[in-house]
Amino acid sequence: MRKPWRRETLKILGVLTVTYFLVLFLMLIQLHIQRADFLHEDEDHKHVHFTLKSDYCYKGPAISLASNKTVDHAVQALNTEPIGQCVIPVTTADVKIETLWSTLDVSYPLALSVTGWLDVIPVLSWTPKPLQVIIVPHSHQDPGWLNTFDHYFASHTNKTLSLLLDQLTENPGWRFVWSEVCWLEKWWKAATQIQKDNIKRLIHNGQLEVVSGGWVMPDEAVVHYGAMLNQLIDGHQWLLTNIGIKPNISWSIDPFGHSPTMAYFQKRSGAKAMVIQRIHFGLKRHLARTKMLEFQWRQMWDRTYSTDVTTHVLPFLSYAITHSCGPDTHVCCKFDFFQRKCYQGRKQIPVKDIDDDNVKEMAWILWEQFQKKSELFRDGVLLVPHGDDFRYSSLQEWRKQHYNMEKLMKYINSNSQMNTRVRFGTLSDFFKEHRKLQTKALPSFSGDFFPYSDRLDQYWTGFYTTRPFLKYAARRIQSLLRSVEILYAVLLAKSKKSSEKYSGLLKLLPDLELGRQELALFQHHDAITGTSRVSVTEDYSRRLQHAFHKLKTLFEKVTIFYMDSSSTLTQNLSMSMIDDWVTMTTNNPSRRCIKLSQKRHMVIFNPLGHNRRDMITLTVDRANVKVTNTSTSLEIPHQISPVWENGTFSTNVFEMTFEVNLAALSISLVTIEEGEENLNEYTRLVLYKEPSNFSRSVKISGITVEQDSSPYFTVSNGHLTAYFHTCSGRLQYVTQNSTGSVWRSEVKLVTYTSGKSWSTLFKDKGGAYTFVPDGPAETLSEPVETLFLIDGPLLSRVVTVQPSATQSVTIHKTSGNLGRGVYIENYVDIQKLDNTELMMRVESDVGGSRCELCVDLNGFQMHRKRTLAKRHIQGNFFPMTTMASVESDTSRLTLLTSSSRGVASLEPGWLEVGLDRRMVQDDWRGLGEGIKDNKFTRSSFMLVFEQKSSNEIFDVCYPSFLTSQLSDELEHPSIVAKMNSVFHSHQTPHFSLIKRELPCTVHLVTFRFITTNVRKETHEKKSGDYVPNTANEKKSGDYVPNTANEKKSVDYVPNTANLLVVHKRQFDCNIAPDSNICSNPDMLRLGEIFLDCSMGKVWETTLTGTVLLKETQGHHGVSIDPMEIKTFKVLCN
């Protein structure tokens, strides 16, 4: 007879068993069934819907009329002229990555694993073949991630570099590669001369190779190309100055997706080849199956194929030892002889040192992995990295890894049956062997590798927006650094080298270098991405603040020299830069209020190489103000606006806005003083929903307060009219006044949640890296607390206040560029919205039936991206650094941004951008914590509608002339400073650094002072060298063996000079600028740029200025092909 407790036990076990299988069943459904409520194909339009339909606010009669109005854009006469001979540069390539996506299999293996990750590139069969195997020991050293930069240096990096010297010196057959220069620079400061000499010797004899050579291994998604290039220049210049080398191989193994912008920079800086790692698992699987993991990466705009760079993709999940020797991780982990963490499922596999008893068995096991890996490549040479994060920091690891591998290599090399040669080597060794064994040309690829996913539907698209307050701060500091670089370099050029001023300026150089290095450090792929721990993020923030204050002081000191040539560095500072944005990460952002108890002189610097009309806004302590041009004494019209702060309108501080015409790269002076009562022009404050604590009896000086309950209202300038709904306060339509064209432009704040739905019970939630939404976005479910309109002579601003977000939409009443778009600012604080992504969506009728967008890559170029159902919502977000656009046959809508964030077009004509995100949990990518340190965050956008003159569509996109200029103005705002001393007649109220504005197609990337030796190389050929292939063939840029004999001679040029970096831009031919707006589009005469730099000698150099390519004459015109960036080394007389 059964006992009752046994029966109960069996029942419980039965319930648990059923529950277990039910959970498995639900997991399978979750993994492989698309939810029809938010993702479905539209059979009519063949695009993807990811959205829930929501009701609109009540449409007032004027808005309804606007929405029904149709305009035949095709027959509208455009009074425009093309820029020169406008031709759209488009390349051809064997594989276009964006086209490949349409047929790409993105399914993930249907299986459970202990870690959650599965091998997606199995090799089930293989044929033995002769192999050359290069084992490349390396240590990936993050300059900040789980610990700070300084902590990692003390605990790991310093030891690794010191041991590297000793072990490579003792073992001539060992090799190592190193990447980030920031570590070398820090180690170099404390190194002895013997250590410095030894590291030079190891590099020059080929045992140690410095790869990439950037200050850091930068992120490639959210980094602006100016900062990306600067950190590369910083690294290359340091290496040349201190060690005398130029890296020629790129090693980018940890950024979360890869950009062709970095490929271009490396190519133009002298790289022969590059190695990348993190690309979408489905794309990597396809490249492995088709043996295309090696290719020539080509820019999408390159018609001559001169940008081709040989690219090798590491084939497996990671760059770690476990994923390097072959496809079977449970086998490769046996060859990590130090960490000894080896598993097959839950079963732990012992890792044994190699001895006489097991060398044969282990050698054959390793050889089999090599053979399997070789099935993924076309030629019989293998790259096998041997390292991981912060490895080789102990003597024990150096010896265990190398001694054990040497025993295996010796056995394999001596076994004729294996027919395999294995040795330690560098990346240069690998690519040299690769060229020798290459049997046919590599295929050409064009495009980018975003988004990145390592499993399932977990796309690494969250970090595009993670910690936006730091992304915003970095861009503002980047712009300030560029301004200081230019001002400092030009001032040195105009100073006599024997003067006290010149020597004093040189004493400021360490502060400039500190600013360069701290900003360069922040471009690291775990810094600007926001994917470091809170303590590390705080360290980065302190570093950025320190850099900003150094650069701010430099700007003040250098600028005062331009205003007063008699100034010396020993005088007290007489200028204070206005830096309100610095406090914008606090919950109560402060404003620097200018007190007008006495006359104030304001310095305005235009950092752009083009003239601009700008609106300057300052905070003053009274409403009766007078503004005059100090040079001409003419009064400047201005507008007084109320200040909204702490939930009400201030009665003792005001915003004062005035318009100025600024010459290219000029310093101007305006005077602000107390004016007569009521002299300012009329400004209205219209309350549609008044704040709860606002008293109607309160009077705001100079402001007329009104109330309005209309269902809609409009604001207008000479170019456009904007329609708003009173119920939501959001923009709804935009009309172009000159043509009558009407575009829907409904702006919404929407939210995605992660892990808050029952249907996502068994899914991982989003975190610092990944965006994993529960489903479609919903409109932000917060009431509108306050809605008001500020309407004045210079601008009209609509402000909508909600608990978590305040949005202002501004129409500028100017004939300049600002008047041609809608300026939008968001101030958000989502500290109470756990596991939420807050986004701004613009719903327009531009786009027709195409669900796609054009989005920039690093602010350098633009690519067209299609929205695909198989990538889910999260996989259709892309990094936006400066702009994104959607278009129809007749119109284009462009959204410009002041800092990086994620963007998507989930419906035709829609643009959706991230504002902030808060994730309370880790997403299992190693960080170990969520993102909960949200700050009060500012974001700035411009919304621009334009008509097209033709309906041509290309894979590569280009901005219009207008949006390119607006993007520059958003990226590089005018810098304003207050003079703290009295202005004297001998001081200069206006100064131009430039003789005339640059050609409209040319952007001044930077003009920076350098103190390095730049060497001019001539090669006398010798056997084994590799030189560019100049044959007229499609594989231009390949390297072929050169059998002639050669010697190398090096000539050093003087060690103080300037680097001038310029970018020749391409604009969209389908949208022509206003007539006569660009009179000199092509000719650039270097000698006519800066007033006080009489160019003695000018060389065109590699992009980072380390190799002189050819000498040129400053007074001759320089030819630059569209989209190219060129660097010139300039010696000023």
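We now examine the overall build of the protein. For the protein, the count of helices and strands is 18 helices and 59 strands. Looking at the protein as a whole, 63% of its 1133 residues are labelled buried. Counting only contacts in the protein whose residues sit at least 6 apart along the sequence, the fraction spanning at least 24 positions is 77%. When the accessible surface of the protein is split by element, carbon and sulfur atoms take 50% of a total near 42300 Å².

For the rest of this paragraph, the subject is the packing of aromatic side chains. Inspection of every chain in the model, using the stated rule, returns 46 aromatic pairs. Here Trp644 and Phe649 contribute two aromatic rings whose centre-to-centre distance is 5.0 Å and whose plane-to-plane angle is 70°, an arrangement assigned as edge-to-face. Accessibility expressed as a relative area gives 5% for Phe649, which makes it buried. One aromatic cluster is present, built from ring pairs that chain together Phe256, Tyr452, Trp460, Phe463, Tyr464 and Tyr769. Note that Arg298 overlies the ring of Tyr305, its terminal NZ or CZ placed 3.8 Å from the centroid. Here the basic side chain of Arg871 rests over the ring of Trp101, its NZ or CZ set 4.6 Å away from the ring centre.

Taking burial as the measure, the nine residues of strand β21 (residues 612–620) include seven buried ones, the bulk of the element. Sheet topology places β21 next to strand β24 (residues 648–662); nine bridges connect them, and they run antiparallel. Paired with Arg612 across the two strands is Leu662, which belongs to β24.

Now for the sheet that holds strand β33 (residues 786–791). What the twelve strands build is an open sheet, ordered β27-β26-β33-β34-β35-β36-β45-β42-β41-β38-β39-β46; its pairing is mixed. The open sheet has two edge strands with one neighbour each: β27 (703–707) and β46 (956–957). Here strand β34 (residues 795–801) pairs with strand β35 (residues 805–812) via seven bridges, running antiparallel. Each residue of the ladder has a partner; that of Val799, found in β35, is Ser808.

For the rest of this paragraph, the subject is helix α16 (residues 509–522). Given 3.6 residues to a turn, an α-helix orients residues that are three or four positions apart in the same direction. Compared with the 20 Å implied by 1.5 Å per residue over 14 residues, the 20 Å span of α16 between its first and last C-alpha is a close match. Looking only at α16, the buried set comprises Leu509, Leu512, Gly515, Arg516, Glu518, Leu519, Ala520, Leu521 and Phe522.

This brings us to the sheet that holds strand β15 (residues 444–446). Strand order across the open sheet formed by six strands is β3-β15-β9-β10-β8-β7, with mixed pairing between neighbours. Strands with a single pairing partner mark the edges of an open sheet, and in this sheet they are β3 (95–96) and β7 (249–252). Here strand β9 (residues 294–298) pairs with strand β10 (residues 309–313) via four bridges, running antiparallel. Within β10, the position partnered with Trp297 by the bridge is Val309.

It is worth spelling out the pattern of salt bridges at this point. The full count for this structure, using the stated rule, is 56 salt bridges. One salt bridge connects Glu368 with Lys372, and the closest N-O pair in it is separated by 3.6 Å. In this pair, Glu368 and Lys372 both sit in helix α11 (residues 359–374), four residues apart, roughly one turn of the helix. Residues Lys552 and Glu556 are paired through a salt bridge, measuring 3.0 Å at the closest nitrogen-oxygen approach. Note that Lys552 and Glu556 are positioned in helix α17 (residues 534–563) at a spacing of four residues, about one turn of the helix. Relative accessible area serves as the criterion here: at 4%, Glu556 is assigned to the buried category. Within the structure, one salt-bridge network assembled from shared partners comprises Arg850, Glu852, Arg864, Glu887, Asp889, Arg892, Lys948 and Asp1068.

As a further point, take the nonpolar core. Counting residues in hydrophobic clusters, the biggest one holds 204 residues, and the most contacted among them are Phe370, Leu408, Leu993, Leu1060 and Phe1090. Among the elements that line this core, the one with the most residues is helix α14 (residues 468–493), at 15 residues. Ranked by size, the runner-up nonpolar core spans 44 residues in total, among them Ala722, Phe724, Met840 and Val903.

What follows deals with the side chain of Glu294. Within the secondary structure layout, Glu294 lies in strand β9. It is Arg378 that comes nearest to the buried, bridge-free Glu294 among opposite-charge side chains, at 7.2 Å. Reaching out from Glu294, the side chain makes a polar contact with the side chain of His312 at a distance of 2.8 Å. Among residues more than four places away in sequence, those in contact with Glu294 are Thr311, His312, Phe377, Phe430, His434, Leu442 and Pro443.

Inspection of the entire model under this criterion finds three disulfides. With a sulfur-sulfur separation of 2.0 Å, Cys325 is cross-linked through a disulfide to Cys332. Sign of the S-S torsion, about -100° for the bond between Cys325 and Cys332, identifies this disulfide as left-handed. Shown here is the disulfide that connects Cys854 with Cys957, its sulfur atoms set 2.1 Å apart. Measuring handedness by torsion sign, the sulfur bridge of Cys854 and Cys957 sits at about -65° and is left-handed. Note that Cys854 is positioned in strand β38 (residues 852–857) and Cys957 in strand β46, a separation of 103 residues in sequence. Assigned by exposure class, Cys854 and Cys957 land together as buried.

In this section: the confidence of the model for the protein. Residues with a pLDDT of 70 or more make up 84% of the protein, whose mean pLDDT is 87. Overall, residues 31–47 carries pLDDT values under 50, and its contacts beyond four positions in sequence, including any with other chains, amount to 34 contacts. In this model residues 1017–1054 is a low-confidence stretch, pLDDT under 50, and it forms 80 contacts with partners more than four residues away in sequence or in other chains.

With that settled, the discussion passes to the side chain of Thr628. Structurally, the position occupied by Thr628 is in strand β22 (residues 625–629). For Thr628, the contacting residues outside a window of four places in its chain are Ser633, Leu634, Glu635, Ile636, Val670 and Thr671.

Before going further, it helps to examine unusual backbone geometry. Between Phe450 and the following residue, Pro451, the backbone shows a cis peptide bond with an omega angle of 0°. Mapped onto the elements, Pro451 comes out in the loop between β15 and β16 (453–455). At Phe390, a residue that is not glycine, the phi angle is positive and equals roughly 50°. Along the polypeptide, Phe390 turns up in the loop between β13 (381–389) and α12 (395–414). A positive phi angle, near 50°, is found at Asn419, a position not held by glycine. Take Asn419: it is sitting in the loop between α12 and β14 (420–424).

With that out of the way, let us pick up the pairing of β34. Most of β34 sits inside the fold, with seven of its seven residues counted as buried. Across the two faces of β34 the burial is the same, with Leu795, Arg797, Val799 and Val801 and Ser796, Val798 and Thr800 all buried. Pairing analysis gives six bridges linking β33 to β34, with the strands arranged antiparallel. Residue pairing across strands places Ile790 opposite Arg797, the latter belonging to β34. Hairpin remark: β33 followed by β34, antiparallel, with three residues in the connecting loop.

Rules of the game
Residues numbered from 1 in each chain as written. Predicted model: local features only at pLDDT ≥ 70, side-chain atom pairs only at ≥ 80, totals over all residues. Heavy atoms only, no water. Helix = DSSP H or I, 4+ residues; strand = E, 2+ residues; numbered from the N terminus. Buried < 20%, exposed > 50% of the residue type's maximum accessible area, 1.4 Å probe, protein only. Contact = heavy atoms within 4.5 Å. Areas by Shrake-Rupley, 256 points an atom, 1.4 Å probe, with all protein chains shown as cover. Phe/Tyr/Trp six-rings, centres within 6.5 Å; stacked < 30°, edge-to-face > 60°. Lys NZ or Arg CZ within 6 Å of the ring centre and 35° of its normal. Pairing = 2+ DSSP bridges. Expected span 1.5 Å × (residues − 1). Salt bridge = Lys/Arg side-chain N within 4 Å of Asp/Glu carboxyl O. Core = buried A, V, L, I, M, F, W, Y, C linked by side-chain atoms within 4.5 Å. Lys, Arg positive; Asp, Glu negative; His and termini not counted. Polar contact = N/O pair within 3.5 Å; in protein donor to acceptor, adjacent residues only side chain to side chain. Disulfide = S-S within 2.5 Å. pLDDT = per-residue confidence, 0-100.

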